[in-house]
Amino acid sequence: MNDEDLCFTCATDLARLIRARELSPVEITRAVIDRIERFDGRVNAFSRFAPHMAMRMARVAEAAVMAGDSLGPLHGVPVTIKDLFDLEGFVTESGSQTQATATGKQAAKSDSPVAARLKAAGAVILGKTTTPEFGWTGVSRSPLSGITHNPWKHGFNAGASSAGSGAAAAAGFAPLHQGSDGAGSIRMPSHFSGVFGIKPTWGRVPHVPVRNNDLVSHVGPLSRTVEDAALFLNATAGAHPLDHTSLTEPAPDFTENLSSDVTDLRVAFSPNLGHARVDPEVATLVAAAARTFESAGCVVEEVNPEWGPLGPELGRFFWSVHEAPLGQYLEEWESRMDPGLVACIRAGTGHSAEDYMAMRARKLDYIERQNRFLADWDLLLTPAVSVAAFPATRLQPEHWPEHPWDWLSWAEFSYPFNMSGLPAASIPCGWTEAGLPVGLQIVARRGEDARVLQAAATFERAQPWVHRRPF
């Protein structure tokens, strides 16, 4: 196996080979570092690359293997951490000049729960990946790190806010990448960069500190295979004493049953949730992908849920209101902040508590309608995003209406399931004529993350993509 193939080898195989002493953690880490040093200049996936730390961790991992120590499920496997999450010894810059090291911000004194659990599982940390400013948008650029380029087309959007995570997964910069998703921030990068990503059920993976955004930010993986994502969840899921919203029930083994196709399921396919605009090429690829489940023995019906058109007003209200607290930075930093974020902050200010509670009542009704709908269906399939990648200098594609901050117009399929906390994944389902990836979204009932993964694995076997590499 040459170094390039090693960089595109899945985490599941790497962990097995390391455990069998057929592959050294030092060897794989060195190969991945070499690839990052060779190609990240054209991708810009890392906000802080830490090759020396990674090699130290790899040597420790190798010594443990040779000593016959007990090994974790990700022992010696390279991973990355998104720069909205604490990693001990690193400043959490969040893609913002306001948080940058140069402002005197202090390095984190401890790891976020997800970073700590990845380390405990034996993973080798390569560094921190890029994010838009405070994770506010689905476009892969920030005032601090600049553009993170789509590996399939330089200068184009790689998706966000887990921008570097998705781009790194596609580019072969390690097999597993931690992301988070508050309105599509795992699923959008997966769609644009042609990888797999899952937003698990709310509370499945703990998030500390708990975000002050009405419980919409989910922690999850981006990877090149479904099984790798399941392995990530096995290592990171479970209650945490500092996250009072984390699920207390024991997590299942998410890798179980992945080798068996889903069958005899009732599958709803909604091409537009009853209201969303979708580019024709994306719509065609997603519709064909939805039909794949019929060959697995599922019943697939096209539907337009009655709750779908209720989402846009709710999505825009809550997205802007939850950015409004960032207004504390405007007086000093506005000229050095993302203009779209500034516009979004201003749109979210000035609402009364009565306004917020009235909209929250509507939101709770919206969530209940989603859950009632899914009581009749085992899965819901939609496009992951309405468009393929477009220039990352833009907030909206050129053929879409411009708006100072509303990127949600082309991402109407994501935020509904952040509000409801349902598990949802994006899986590559085809490439446009221009060679840009498109994702199929798979949604299930609360707590049924394993079903989403099994459905995704079924599709992965029917329509494999992992052999495709951007360069």
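From a predicted model like this one, the values you see are computed outputs, not experimental measurements.

Caption draft 1: Summary view of the pairing of strand β3 (residues 124-129). Most of β3 sits out of view: 6 of its 6 residues are buried. When strand β1 (residues 46-49) meets β3, the two strands line up antiparallel, connected through 3 bridges. Note that in β3 the partner of Phe46 across the bridge is Thr129. One ladder, built from 4 bridges, connects strand β2 (residues 78-82) with β3; its direction is parallel. Directly across from Val79, in β3, lies its bridge partner Ile125.

Caption draft 2: Representation of the packing of aromatic side chains. Taken as a whole and judged by the stated rule, the model has 18 aromatic pairs. Look at Trp307 and Tyr366: their rings are 5.9 Å apart centre to centre, the planes differ by 80°, and that puts the pair in the edge-to-face class. Taken together, the residues Trp307 in the loop between β12 (299-302) and α10 (311-323) and Tyr366 in helix α13 (residues 353-374) connect sequence positions 59 residues apart. For the pair Trp307 and Tyr366, one class covers both residues: buried. Ring centres of Trp307 and Phe417 lie 6.1 Å apart, and the angle between their planes is 85°; on these two criteria the pair is classed as edge-to-face.

Caption draft 3: Region of the structure containing the sheet that holds β3. Strand order across the open sheet formed by 11 strands is β1-β3-β2-β8-β10-β9-β14-β15-β13-β11-β12, with mixed pairing between neighbours. On the outer flanks of this sheet lie β1 and β12, each paired with one strand and no other. Taking each pair of neighbouring strands and ignoring which way they run, the sheet shows an average axis angle of 25°. Strand direction decides the pairing type here: strand β11 (residues 266-269) and strand β13 (residues 379-383), joined by 3 bridges, are parallel. Looking at the pairing, Ala268 lines up with Leu380 of β13.

Caption draft 4: Quick peek at the environment of Ala455. Mapping Ala455 onto the fold places it in helix α15 (residues 449-462). Sequence spacing of Ala455 and Phe293 is 162 residues, and the spatial spacing of their C-alpha atoms is 8.5 Å.

Caption draft 5: Broad picture of the pattern of salt bridges. On inspection of all chains with the given rule, the structure shows 27 salt bridges. Between Lys119 and Asp111 there is a salt bridge; the shortest N-O distance is 3.0 Å. Residue class for Lys119 comes out partly exposed when judged on its relative accessible area of 28%. The partner of Arg451 in a salt bridge is Asp378, with the nearest N and O atoms 3.2 Å apart. Within this pair, whereas Arg451 is found in helix α15, its partner Asp378 is found in the loop between α13 and β13, the two being separated by 73 residues in sequence. When its relative accessible area of 25% is taken as the criterion, Arg451 is described as partly exposed.

Caption draft 6: Representation of unusual backbone geometry within the structure. Geometrically, the link from Ala160 to Ser161 is a cis peptide bond, its omega value of 10° lying close to zero. The residue Ser161 is located in the loop between β7 (153-157) and α6 (163-171) in this model. Here the residue pair Val208 and Pro209 is connected by a cis peptide bond, since its omega of -5° sits within 30 degrees of zero. With respect to the helices, strands and loops of the structure, Pro209 is situated in the loop between β9 (196-199) and β10 (218-223). You will see that Ala174, though not glycine, has its phi angle at about 105°, which is positive.

About the cut-offs
- The residue numbering used here restarts from 1 in each chain and proceeds along that chain's sequence as written.
- Only residues with pLDDT of at least 70 are given local features in this predicted model, and only at 80 or more are side-chain atom pairs given and counted; all residues enter the totals for whole chains, interfaces and linings.
- Side-chain figures throughout are based on the complete set of non-hydrogen atoms in the structure, without hydrogens or water.
- Buried, partly exposed and exposed residues are distinguished by accessible area as a fraction of the type maximum, computed with a 1.4 Å probe on protein chains only: under 20%, between the cut-offs, and over 50%, respectively.
- Strands are runs of DSSP state E lasting at least 2 residues, helices are runs of H or I lasting at least 4, and numbering of each runs from the N terminus.
- A pair of strands is considered paired only if DSSP assigns at least 2 bridges between the two.
- In this analysis, rings of Phe, Tyr and Trp, with Trp reduced to its six-membered ring, are considered paired at centre separations within 6.5 Å, and the interplanar angle assigns stacked below 30 degrees, edge-to-face beyond 60, and tilted for intermediate values.
- Axis lines are fitted through C-alpha atoms, for helices just across the contact stretch, and the angle between N-to-C directions can take any value from 0 to 180 degrees.
- By salt bridge we mean one thing: a side-chain nitrogen of Lys or Arg within 4 Å of a carboxyl oxygen of Asp or Glu.

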